[in-house]
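Here is how the chains run, residue by residue.
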Amino acid sequence: MDEGEVRELNERFATGDKPLEHNVVVELQNIMQLHSLTVQDLFFKWESYCMKMDMADMKLSVTNLAALKQDLLDALERSNRSHQVHIKTEKRTGATPRAAAKSGGDVFGMLEGMVPSTPGARKLNRSAVKKRNPLETPSMSRVKNNIPSSSPDYKSPLRLESQPESISAAPTIPFNDRQNPGEIVEVLNQHLKPAEPPIAPFGEPRIKLTAVSDQKKLNYKTVAMKLSEAAAILDERIDDFMALVRDHHKIDENEFGSAAIQSTTEIVAVGRIACDSSEGKLNAASVVLETARRTGNGRRIPLNLDKLDGCYQFFPGQIVAFRGINSSGKEFLVHKVLNIPLLRSAATQPGALEEHRERLRGGPDAMDSDDDPAPLNIIFGSGPYSADDNLDFEPLHALCSQAADTYADMLVLSGPFIDVDHPLIATGDFDLPEEAMDEPDTVTMSTVFKYMISPALNRLAASNPHITILLIPSVRDVINRHVSWPQEGFPRKDLGLHKAVRIAGNPMTLFVNEMVLGISSQDILWNLRQEELVGAKPATPDKMSRISRYLIEQRHYFPIFPPIDRSKLPKVGTAEGIATGTVLDTSYLALGDMVDVRPDVIVIPSALPPFAKVVESVLVINPGYLSKRRGAGTYARMTLYPPKLSEEEANSDGVVGHKIFERGRVEITRI
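Residues numbered from 1 in each chain as written. Predicted model: local features only at pLDDT ≥ 70, side-chain atom pairs only at ≥ 80, totals over all residues. Heavy atoms only, no water.

A. Local environment of the overall build of the protein. When helices and strands are tallied, the protein shows 18 helices and 24 strands. Burial analysis of the protein (671 residues in total) assigns 48% to the buried set. Considering only residue pairs separated by 6 or more positions, the protein has 72% of its internal contacts joining residues 24 or more positions apart. Only carbon and sulfur atoms are counted for the fraction: they give 50% of the accessible area of the protein, which is about 33700 Å². (Helix = DSSP H or I, 4+ residues; strand = E, 2+ residues; numbered from the N terminus. Buried < 20%, exposed > 50% of the residue type's maximum accessible area, 1.4 Å probe, protein only. Contact = heavy atoms within 4.5 Å. Areas by Shrake-Rupley, 256 points an atom, 1.4 Å probe, with all protein chains shown as cover.)

Structure (structure tokens):
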């Protein structure tokens, strides 16, 4: 066996420090040889297959790999069959008329129909329109476009590269028939006990919300982006990171230079990672560095990564700092990648921490002051909230029931709530409750929200009066006029929401007591996973930790630029099948920055398998989607224990770190 290939397979597929079994490695190599795949391509196929089969744990076995092999073969066979039909059709319709060729006329059919000697002219003289036999078999194009005589579930043949989206062909599982409801998929900090529900609701709210992000700035005019403003924002970001690198590494100003200028002296170059083609995928041969206008006139220069020995991990839009040289004028040889300094960790004065600790008691008479307060119970859920075949919002109602039964302190829900990519919303083929039809001419999508979503939230607020409910919008929300990201929260007027429900922007950074919570409903994790360029020996081998670290390092909730093409996003149930996309307003990218400090917790819902990880002292949570297109999904529950201060910390005049990652238990649970 090729030792290098085996090592790369272990880096991609192995979990923890345990290497892959020999028979698993052999099966992986067989699949690679059969389909001419690289290790990275095979890993993407495996990830996609696991998502299709709802295998969140992604455990490798010979049995699962055999199923993957058969799945790839089936897809390849369908693709070949489709290709053969296409070729036959082309040959039949594009054949060269032999009579014309023999007579020395129009050999290539260029004059067909223009002169009397060509066959086309004779056709036009007989009839301008060819009559179709009403009993003949419809052509493939006719079947594909109009399908009057075939099943409404007809699917066009799938290509191998589009195989992950064949999940749309799977039958929908009714919510009441879902498998393993309440099953805990993953636990972080398992040594901490889960929160015990109180006997009765607390007498006072135990959570105090304070916004860190300036929500007023999110109220900008959309669909009005100017190219000059967008360019200035992108350029300013490079300059800002250059100053950070200079101060952190104590680099003299004279050492900085442009990577695009030929020189025999080693320099420090700061710029943005990009691909040499707007439609290509980032790889070691196509990666370029985009310079700032001030230092390099915005020029791009190819990067030579040979000296890094596979120790690199990049993505388009990433701001990087290199030591290297451009002696040829054609490429920049990278000698070393300089670390980007991270934001400082969040910290609070001891007195304020003690106030937050006392708030957790839920009132002065709630319990003995000598006992530790009960931990916070926070639930995170993300839309979509209904499967493709209905708008019953059963997963949302079930989650609200869970929050009510456990007397949750806070419920954080991110959009989309009424999804523009839901097939029933896209076609308008759904019914409203009778009480919503008193004045049918005034019905809007806000009416749909009021009568289909608000009742579940209002019942929860009624059963637990002191719960805090936070809604984060999505660019796929029909009820939000603000269609760009960064995104203003949707107005609560006409939604019929309880006063306990609060609506924030997207993204949003806020204080939950002392905890700094950052949340964005934009699926940056999927974007990064699809577009990243990873060497053979990356600094962060675990893929979920690596793509999460990109956000922390770049100090931004959506650091990739440009966003991936819509066709690469997970398929949706609309007729087109293509998701709405990022809808990024580049002129206001600065509103997606992390403010001042690293958040204690970052919540990023994604189509990738759900997880909870500690990355650079930040607790990163992907709760998954509450409803998948064909069945139920997952949510996250966080048990946050109160801070404990040592005597030295309590008497200190400085600030104390929150260390949420040490006192927070996170459970990823099936709804």
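On we go.
B. Fine view of helix α10 (residues 350-359). Pro350, Leu353, His356 and Arg357 are the residues of α10 that are buried. For α10, the arc enclosing every buried residue in end-on projection is 120°, short of the 170-degree limit, so these residues lie on one face. Where the residues of α10 are buried, they touch β10 (347-348), α17 (647-650) and β23 (656-657). (Arc of directions from axis to C-beta.)

C. How the structure looks around the sheet that holds strand β19 (residues 601-603). The strand order across the open sheet formed by six strands is β2-β15-β16-β19-β21-β20, and the pairing between neighbours is mixed. Because the sheet does not close on itself, it has two edges, and the strands there are β2 (209-211) and β20 (611-615). Within the sheet, the average angular offset between the axes of one strand and its neighbour, ignoring direction, is 25°. Summarising the sheet, strand β16 (residues 515-519) and β19 pair through three bridges and their orientation is parallel. Its bridge partner lying in β19, Gly518 is registered against Ile602. In this fold helix α16 (residues 543-554) packs onto β19, β20 and β21 (618-622), with an angle of close to 60° to the strand it touches most, β20. (Pairing = 2+ DSSP bridges. Axes fitted to C-alpha atoms, helices over the stretch in contact; angles between N-to-C directions.)

D. View of the sheet that holds strand β5 (residues 300-304). Pairing in this closed barrel of five strands is mixed, and the strands run β3-β4-β5-β8-β7 around the ring. Neighbour to neighbour, the strand axes of the sheet diverge by 60° on average, direction disregarded. For β5 and strand β8 (residues 332-338), the ladder comprises two bridges, and the chain directions are parallel. In the sheet register, Asn304 faces β8, and the bridge partner there is Leu333.

E. Structural view of the packing of helix α1 (residues 3-13) against helix α3 (residues 39-52). Put simply, α1 and α3 touch, their axes get as near as 10 Å, and they point 30° apart. The pairing of α1 with α3 is recorded here as roughly parallel in orientation. You can see that α1 and α3 cross each other, and the crossing is right-handed. Taking contact as the criterion, the partners of Glu5, Glu8, Leu9, Arg12 and Phe13 in α1 are, on α3, Val39, Gln40, Leu42, Phe43 and Trp46. Of the residues assigned to the contact of α1 with α3, the class counts are six nonpolar, one polar and three charged. (Parallel < 35°, antiparallel > 145°, perpendicular 65-115°, else oblique. Left-handed = near helix turned anticlockwise from the far one by under 90°. Nonpolar A, V, L, I, M, F, W, Y, C, P; charged D, E, K, R; others polar.)

F. A look at the nonpolar core. Core analysis: the largest hydrophobic core is formed by 39 residues, its most contacted members being Leu413, Phe449, Leu457 and Leu471. Put simply, the parts of the chain that give this core at least two residues each are α11 (394-405), β12 (410-414), α12 (423-427), α13 (445-452), α14 (454-463), β13 (468-472) and β14 (501-503). The dominant element in this core, judged by the number of residues it contributes, is α11, at six residues. What Leu413 contacts, discounting residues up to four positions off in sequence, is Gly381, Tyr385, Leu396, Leu399, Leu457, Leu470, Leu471 and Ile472. By size, the runner-up hydrophobic cluster in this structure holds 32 residues, among which are Leu234, Ile564, Ala579 and Leu589. (Core = buried A, V, L, I, M, F, W, Y, C linked by side-chain atoms within 4.5 Å.)

G. Structural view of the pairing of β13. For β13, the buried fraction is high: five of the five residues fall into the buried class. Neither face of β13 is open: one carries Thr468, Leu470 and Ile472, the other Ile469 and Leu471, and all of them are buried. Across five bridges, the pairing between β12 and β13 is parallel. By the bridge assignment, Ser414 is partnered in β13 with Ile472. Alignment of β13 against β14, held across three bridges, turns out to be parallel. Within β14, the residue paired with Leu471 across the bridge is Ile503.

Just geometry here; none of it tells us what the structure is for.
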